[in-house]
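# Fold and geometry: a report
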Amino acid sequence: PALSTGAAGPAMKAGEAALQRLVAEELSAELHSLAHGLLAGLPVEAVVTTNYDELFEAAWRGAASDFKVLPYEADARSRFVLKLHGDLRRPQDIVLTRAQLSGAREQRAALSGVVQGLLMTKHLCFVGFSLQDPNFSEVAETVRATLTGDSSTASRNLFGSLLSLHNRPFLAELWPDVQQVPMDMADASGPDRLSSAQCARRLDIFLDKVSLDASTPTRHLLDPNFSGVFDKQQRELREALLLFEAELASRPDARAAAGFEAVSALLRGLGLPADSPALAEPDVLQPDEEGGNG
């Protein structure tokens, strides 16, 4: 028999919940791809994804990065992964349909605000993204309306660069504010196009080159993962830096100094892990009873 109007709502929600659980089960995986690992090696502070899985997070943690996952974690860490469409660990949050996307609009307004801010202030790198997500299109249109200007400012209003497998010229018309970087310059609809597997391999090589260009020749010095590859001079320098690290760890007053932020940035740039005691914030000392409170 046909469902009555009153029963349609609960039945629909039960079906959506079952589908969300099924998606969470099917997409659960433990091993990330090479592309995830290469992206995790880039010196970035913010990542936005419409994916439900945790593969990039696993790769980023493997690169010794300390970050939070929004909107589920709120703390002082500056690096973050923003999950626009939910997370596999929370199947009830997974967005699968346009109705769910529309229904969650108010709750996700803050997330869209973060994306708007990034589009207005950063040059984003889009990887594995088709630019067909309706929520993102709406956010981008809002930013376009804000960043109005004449043709002389158009080049400064680029949202970012899209690393795509195939060349799709029509995207340049739909998204003039996104620079296309296809792995295959041949038209995607033509007979000379490369296969998706070939293009994916080119993308891995491209990301490897970007990672190399973005890295510094000194970031390995305090990284324990590279302790076995130093020559004599590098070992001497590393040992001196490790002594400095130990000294900082034993001197909370030094870490409380105004100039410590620059020292901390230098050490992190040399590969010192974020959880090193030398980078820890000093404990706030309470005034003693005699004279501390006046």
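Analysis parameters
Counting restarts for each chain: residues are numbered from 1 in the order of the written sequence. Per-residue local features are limited, in this predicted model, to residues with pLDDT of at least 70; the limit for side-chain atom pairs, both in listing and counting, is 80 or more; totals at the level of whole chains, interfaces and linings are taken over all residues. For the side-chain quantities, the full set of heavy atoms in the structure was used; hydrogens and water were omitted. Planes of paired rings set the category: under 30 degrees apart is stacked, over 60 is edge-to-face and the rest tilted, where pairs are Phe, Tyr or Trp rings (Trp by its six-membered ring) whose centres lie within 6.5 Å. For every residue, the accessible area (1.4 Å probe, protein chains only) is compared with the maximum for its type, and the residue is labelled buried under 20%, exposed over 50%, or partly exposed between those bounds. Whether a charge lies above a ring is judged from NZ of Lys or CZ of Arg, which has to be within 6 Å of the ring centre and within 35 degrees of the ring normal. For the purposes of this section, nonpolar cores are sets of buried Ala, Val, Leu, Ile, Met, Phe, Trp, Tyr and Cys residues that join through side-chain atoms within 4.5 Å. Where helices and strands are cited, they refer to DSSP runs of H or I of at least four residues and of E of at least two residues respectively, numbered from the N terminus. Any two residues having at least one pair of non-hydrogen atoms within 4.5 Å are treated as being in contact. What the arc covers is the set of directions going from the helix axis to the C-beta atoms. The score called pLDDT rates the predictor's confidence residue by residue, from a low of 0 to a high of 100.

## Overview of the packing of aromatic side chains
- In this structure the tally under the stated criterion is six aromatic pairs.
- A centroid spacing of 6.1 Å and a plane angle of 20° characterise the contact between F126 and F129, whose relative ring orientation is stacked. An identical accessibility class is assigned to F126 and F129; each is buried.
- Ring geometry for F129 and F136: centres 5.3 Å apart, planes at 90°, overall edge-to-face. Across the pair, exposure class does not vary: F129 and F136 are buried alike.
- Feature note: the residues F126, F129, F136 and W175 constitute an aromatic cluster, connected by ring pairs.
- Here the guanidinium or amino end of R90 rests over the ring plane of Y72, the centre of that ring lying 3.8 Å away.

## Observations concerning the nonpolar core
- Within the largest apolar cluster, 21 residues are counted, with the highest numbers of intra-cluster contacts made by L119, F126, L131 and F136.
- Broken down by secondary-structure element, the contributors of at least two residues to this core are β3 (80-83), α5 (109-121), β4 (124-127) and α6 (134-146).
- Each residue touching L131, except ones within four places of it in the same chain, is listed here: F126, F136, S137, L162, W175 and V178.
- Core analysis: the next-biggest nonpolar cluster, separate from the first, contains 17 residues, L39, A40, V81 and L207 among them.

## Considering helix α11 (residues 260-269)
- Every buried residue of α11 is accounted for by F260, S264 and L267. Along α11, the residues classed as buried sweep out an arc of 65° about the axis, all on the same side. Residues of α11 that are exposed and point more than 90 degrees away from the buried face comprise E261, A262 and L266.
- Summarising the contacts, the buried residues of α11 are in contact with α9 (232-249) and α10 (252-255).

## Some details on the confidence of the model for the protein
- Averaged over every residue, the pLDDT of the protein is 82; residues scoring 70 or more account for 85%.
- In the model, residues 1-8 has pLDDT below 50 throughout and makes one contact with residues more than four positions away in sequence or in other chains.

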